[in-house]
Amino acid sequence: VLNTLQTLGLNIGLVWLAQRDSRLTDLMIWYACASIIMLVFHGASAVSLLRGVPLRPRMSIEKTVALAKYSGGSWGSSLGSVIFSHFDKVLVGAVLGPASLGIYGFFTSVCAQINAISAMAVQPLLPALSLMLGKETMFTTNMLAEVKKAVGLNCLIALSSGAALI
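This one's a predicted model, so the numbers in the text were calculated from it and none came from an experiment.

### Points about the overall build of the chain
Phase 1 of the analysis: Within the chain, the secondary structure is distributed over 6 helices and 0 strands.
Phase 2 of the analysis: Computed over its C-alpha atoms, the radius of gyration of the chain comes to 21 Å, more than 25% above the 15 Å expected for a compact globule of 166 residues.
Phase 3 of the analysis: Dimensions along the principal axes, computed over C-alpha positions, put the chain at roughly 60 × 45 × 30 Å.
Phase 4 of the analysis: Looking at the 166 residues of the chain, the share that counts as buried comes to 18%.
Phase 5 of the analysis: A separation threshold of at least 6 residues defines the contact pool for the chain, and within that pool the share at least 24 residues apart is 62%.
Phase 6 of the analysis: The average position of the 11 basic charges and that of the 6 acidic charges among the side chains of the chain differ by 11 Å.

Take a look at the structure:
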């Protein structure tokens, strides 16, 4: 829910600023401020969900080093992904201007959200596929039926969401 609200809030603000013929820096300031506000909401949500849960982490030096290595790799991968996925917006803003950037940013973010939502229909299949691969009983008729059902549901969600945009 928070992720959807974040996407909606960011994109409405971008479109509103673009319609006012704002500068590219105004769009970036909006994006940064809205992201910080949503970070606070995500933090508050996590705190409220963990209230009453005793958290007492105990880690050895080996676990701390392993966690730091994993975290560094994950952070680097995430940063690369964000740069790769948003570089097109920098180019669109520089070439076509802020108005086109706002509209482009809105539609690319909405399409990414539709993709993420439609992928949720397939995610429950992954543990079952993994179990079947471990037992080397690949693709029984039941499994094929489940895969077809999940792909159909995925297509239905993606296409109906896309049609609702039009």
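### Topic: helix α2 (residues 24-50)
Phase 1 of the analysis: Look at α2: 39 Å from first C-alpha to last across 27 residues, which is about the 39 Å you get at 1.5 Å a residue.
Phase 2 of the analysis: Within α2, the full set of buried residues consists of Leu 27, Ala 34 and Met 38.
Phase 3 of the analysis: Its buried side turned inward, α2 meets α1 (2-19) and α4 (98-119).

### A short note on the packing of aromatic side chains
Phase 1 of the analysis: Counting across every chain of the model gives 1 aromatic pair.
Phase 2 of the analysis: Between Phe 106 and Phe 107, the ring centres sit 5.1 Å apart and the planes meet at 80 degrees, which makes this aromatic pair edge-to-face.
Phase 3 of the analysis: Its relative accessible area of 22% is what places Phe 106 among the partly exposed residues.
Phase 4 of the analysis: We classify Phe 107 as partly exposed; its relative accessible area is 40%.

Conventions we followed
Residues numbered from 1 in each chain as written. Predicted model: local features only at pLDDT ≥ 70, side-chain atom pairs only at ≥ 80, totals over all residues. Heavy atoms only, no water. Helix = DSSP H or I, 4+ residues; strand = E, 2+ residues; numbered from the N terminus. Rg over C-alpha atoms; globule rule 2.2 N^0.38 Å. Buried < 20%, exposed > 50% of the residue type's maximum accessible area, 1.4 Å probe, protein only. Contact = heavy atoms within 4.5 Å. Lys, Arg positive; Asp, Glu negative; His and termini not counted. Charge placed at Lys NZ, Arg CZ, Asp CG, Glu CD. Expected span 1.5 Å × (residues − 1). Phe/Tyr/Trp six-rings, centres within 6.5 Å; stacked < 30°, edge-to-face > 60°.

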